[in-house]
Amino acid sequence: MRAIATLIALALCSAVPRLAMAAPDCVDQTPCQLGDRSYHVKVPDDWDGVTPMPVMLHFHGWARQGTLIVKHGRISGATRKRGVLLLAPNGLGKSWDFWNPGSPDTDFAAAVIEDAAKRYPIDRSQIFVSGYSWGSAMAWRYACENGADVRALLAVSGTLDQDETCETMPAEVRHTHGLRDTVLDYPFGPDGDALYPVALWRRTLGCAEPTGTDSYATTDKDQFSRTVWDNCAAGKVVFDQHPRGHFIPRGWFAKQLDELLEAGS
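Residues numbered from 1 in each chain as written. Predicted model: local features only at pLDDT ≥ 70, side-chain atom pairs only at ≥ 80, totals over all residues. Heavy atoms only, no water.

### Section: the overall build of the chain
Here is step 1: If you tally the helices and strands in the chain, you get seven helices and ten strands.
Here is step 2: Against the globule reference of 18 Å for 265 residues, the chain gives a C-alpha radius of gyration of 20 Å, in line with a compact fold.
Here is step 3: If you line up the chain on its principal axes, its C-alpha atoms span 90 × 40 × 40 Å.
Here is step 4: At a minimum sequence separation of 6, the contacts of the chain that also span at least 24 residues come to 67%.
Here is step 5: Of the accessible surface of the chain, which amounts to about 12,600 Å², a share of 53% is contributed by carbon and sulfur atoms.
Here is step 6: Between the centroid of the 26 positive side chains of the chain and the centroid of its 32 negative side chains there is a distance of 7 Å. (Helix = DSSP H or I, 4+ residues; strand = E, 2+ residues; numbered from the N terminus. Rg over C-alpha atoms; globule rule 2.2 N^0.38 Å. Contact = heavy atoms within 4.5 Å. Areas by Shrake-Rupley, 256 points an atom, 1.4 Å probe, with all protein chains shown as cover. Lys, Arg positive; Asp, Glu negative; His and termini not counted. Charge placed at Lys NZ, Arg CZ, Asp CG, Glu CD.)

This is the structure we're talking about:
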């Protein structure tokens, strides 16, 4: 009888599906505490509670916080519809320390990913680091100092000095910048070189001449001229120039994630 009961119990256990991880007590507008700092999380709409998720770590712009990012239609709206876990760290003083190498915010952001991995199952082969404006410059700094495990840098309207030397690099760089940007001016190079905004990454990844150009639009107003370097010694660079100013173009993050996730599938 005992043997029969054991068999029945085993059969019942095998019929029970894997249980999802317990829901964390911090999500959306409720910050996750990490020492004396914090970050915000947005979970994808259709996540099953079990499957490891790609991650997008996004650095907010100046005078903002993660509370905005997790409800931002052009950021959170892109991640939550594509199965990507959005992590939005909060900068001290609503800003970031990106000007010089050795940023403490690099260590903090790396700790955010590790802390989130204790709360959610993540796909470490699909870690994207993004940012806008000063947050874009911080995303560049992060990739420059801790980019070895970064699948792609997704940067909007913010860079580092193109003469910097990076200790690490992401597998891929995607950057967009507006020709009429007067907040963080479009960084033209010598002799008006319009491809200079990604000179640092072209040099770091060992890229030669561009291998392709294209144009596309995400809306009637959001139109881009794309230049691609996929002949690099280590990775790929994509630069999307647009004719407008300092803002997050509608649909840009969504398009980059679609292309990257499709390539990684």
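### Some remarks on helix α4 (residues 104–119)
Here is step 1: Under the 1.5 Å per step criterion, the end-to-end length of α4 is 23 Å for 16 residues, consistent within 8% with the ideal 22 Å.
Here is step 2: Listing the buried residues of α4 in full gives D105, T106, F108, A109, V112, I113, D115, A116 and R119.
Here is step 3: N-cap assignment for α4: the residue whose side-chain oxygen lies 3.1 Å from the backbone N of D105 is S103. (Expected span 1.5 Å × (residues − 1). Buried < 20%, exposed > 50% of the residue type's maximum accessible area, 1.4 Å probe, protein only. Polar contact = N/O pair within 3.5 Å; in protein donor to acceptor, adjacent residues only side chain to side chain.)

### Quick look at the side chain of E145
Here is step 1: Inspection of the secondary structure assignment puts E145 in helix α5 (residues 134–146).
Here is step 2: Polar side-chain contacts of E145 include one of 2.8 Å to the side chain of T106.
Here is step 3: If sequence neighbours within four positions are ignored, E145 has contacts with N100, P101, G102, S103, T106 and T168.

### Describing the environment of Y196
Here is step 1: Mapping Y196 onto the fold places it in the loop between β7 (172–178) and α6 (199–204).
Here is step 2: In sequence terms Y196 and F239 are 43 residues apart; their C-alpha atoms lie 9.9 Å from each other.

### What about the state of the cysteines?
Here is step 1: Scanning all chains against the criterion turns up three disulfides.
Here is step 2: The disulfide that involves C144 links it to C166, with 2.1 Å between the sulfurs. Between C144 and C166 the disulfide shows an S-S torsion of about -110°. By sign, it is left-handed. Remark: C166 occurs in the loop between β6 (152–156) and β7 and C144 occurs in helix α5; sequence separation between them is 22 residues.
Here is step 3: Regarding the disulfides, the chain carries the connectivity 1-2, 3-4, 5-6 under sequence-order numbering of its bonded cysteines. (Disulfide = S-S within 2.5 Å.)

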